[in-house]
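# Architecture and fold: a report
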Amino acid sequence: MKLSNFINGEWQEGEATYTAVLNPANGEQLAEVRMSTKEDVDRAVKAAVNAQKKWALVPAPKRADYLYEIGRLMKERKEHLAQVLTKEMGKIIEEGRGEVQEGIDMAFYMAGEGRRLFGETTPSELADKFAMSVRAPIGVVGLITPWNFPVAIATWKSFPAIVAGNAFIWKPATETPMMAYEMAKIFQEVGLPPGVANVVFGSGSEVGTAMIEHEDVKVISFTGSTDTGSKVAELGGKHLKKVSLEMGGKNAVIVMEDADLNLAVEGILWSAFGTAGQRCTACSRVIVHKDVKKELETMLLERMEKLTIGDGMDESVKVGPVINKNALEKIHSYVQIGKEEGANLVVGGEILDNGDLAKGNYYAPTLFSNVKPDMRIAQEEIFGPVVSLIEVDSLEEAIEVNNGVKFGLSSSIFSRDVNKIFRAQRDLDTGIVYVNAGTTGAEIHLPFGGTKGTGNGHRDSGVAALDVYTEWKSIYIDYSGKLQRAQIDTE
């Protein structure tokens, strides 16, 4: 199967360069995807510009009706979509179903915003004058999404863009284009007007750069690494674009001496090894009080040794592959760094290449102990199934260690002490804080994003996402029949 661009409501066939899409669980080729050029981006933007002018005039509740229908089709095809997702990305099928459900939830949630999109009416300081603010669509937006959540993150970005009256160009990750293909088919089937939704496959250097530099693309929404996001922000800034960034994380679970350790272990396992650690919200640090450190380490080791590893299509598997060989090499290099820094490798730390695992990209769930907060494995994003145990003496030290990294996405605390919990949720400097839960599990009706090196102040998901895809317009209506000057004719 060859995956071609979806532009102006049609599939763009013709001569092009294609690259293979591989199943990370077994190395089998799933499809071939088009490697597009700047000219492809130009065609997509032209279609989007033409479509958006009419789309913005469609009443928002009517725009929302398309999202309701998209959500309905996603719900009908949930199992099919989940299986496609698992095959191209590698996460276990249970997680695949959960991710598709997140997209379904976002469709219905953002459809509801079609009857809200609230502005404000306010009193004027002058007589016989009315004042209000409304949301206005921006125009054409560019969406750049990662491979680890190939449908959920795309819906976080595209659905608010649609309901707000924008058209979009979506560049999915080259590793996971099949979900974008499936979503484009749904956009086409529900009758979304041609040009409102466009999918252009290809590399970031070619397609992504062309989107950012195009004068008719007014907004860029990017999710990916901090290094790449910084370049996106720099290039977008040169062109005076609104740029929304959601980038890396170095998330920590804090386990206090009064914590329910069984619950903490469950939260750590899910946060650290779900999606094989390839989440921006993955737990890669466990900051544990010295009084329970030894017990927690023993419990973690016992549970980790029972984790089943393999193809995510197998319902019994708990940890799937990482995305590709480059990821394997990066993860393994960080394990070597950890050992050289003096951390104690408790378990894991190896590429798994025995039996059927040799066909895919598997890394053993890995636990380091006796890690110091300033070690590279405790500071840098590894993006794999590697966890570091860091011992502390107090809640204050735990918070200091948590905050002592350049990222600020997600954090968690396990404790039964309400005073500690409230201090922690106040003082942890991350955009998301969990109490007695792991570092993952965001819900679509709350803002998603982080501080410091994780983002630039914008948010995906929730009503806050609309701020990325709308401009505020202030409107003053004077019905006094005379010129009234604000701040002057007020007495």
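Up top you'll find the structure we're talking about.
First things first, this report covers the structure right here in the doc. What you see is a predicted model, and the numbers here were worked out from it, not measured in a lab.

### Focus on a nonpolar patch on the surface
Together, F130, I477 and Y479 make up a nonpolar patch on the protein surface, roughly 310 Å² of accessible area in all. Residue placement: I477 occurs in strand β24 (residues 470–478). The class for I477 is partly exposed, based on a relative accessible area of 39%.

### Here's the deal with the sheet that holds strand β1 (residues 2–3)
Strand-to-strand pairing in sheets goes through backbone hydrogen bonds, with the strands running parallel or antiparallel. As summarised here, the arrangement of the 3 strands in space is β1-β5-β4, forming an open sheet in which the pairing is mixed. The open sheet has two edge strands, β1 and β4 (17–22), and neither has a second partner. As paired strands, β1 and strand β5 (residues 29–35) are joined by 2 bridges and run parallel to one another. Paired with L3 across the bridge in β5 is V33.

### Details of the sheet that holds strand β22 (residues 432–435)
Reading across from one edge, β15-β18-β19-β14-β13-β21-β22 is the order of the 7 strands in this open sheet, with mixed pairing throughout. Bordering the open sheet on either side are β15 (344–347) and β22, each of which pairs with just one other strand. Neighbour-to-neighbour, the strand axes of this sheet turn through a mean angle of 25°, independent of strand direction. With 5 bridges joining them, strand β13 (residues 251–255) and strand β14 (residues 283–289) adopt parallel strand pairing. Residue V255 lies in a different strand from β14, and its bridge partner there is V288. Across the sheet, helix α11 (residues 325–341) is in contact with β15, β18 (366–369) and β19 (386–392); its angle to β18 comes to roughly 20°.

Rules and cut-offs
Residues numbered from 1 in each chain as written. Predicted model: local features only at pLDDT ≥ 70, side-chain atom pairs only at ≥ 80, totals over all residues. Heavy atoms only, no water. Patch = residues over 30% accessible without salt bridge, like charges linked within 9 Å, V, L, I, M, F, W, Y side chains within 5 Å. Areas by Shrake-Rupley, 256 points an atom, 1.4 Å probe, with all protein chains shown as cover. Salt bridge = Lys/Arg side-chain N within 4 Å of Asp/Glu carboxyl O. Helix = DSSP H or I, 4+ residues; strand = E, 2+ residues; numbered from the N terminus. Buried < 20%, exposed > 50% of the residue type's maximum accessible area, 1.4 Å probe, protein only. Pairing = 2+ DSSP bridges. Axes fitted to C-alpha atoms, helices over the stretch in contact; angles between N-to-C directions. Contact = heavy atoms within 4.5 Å.

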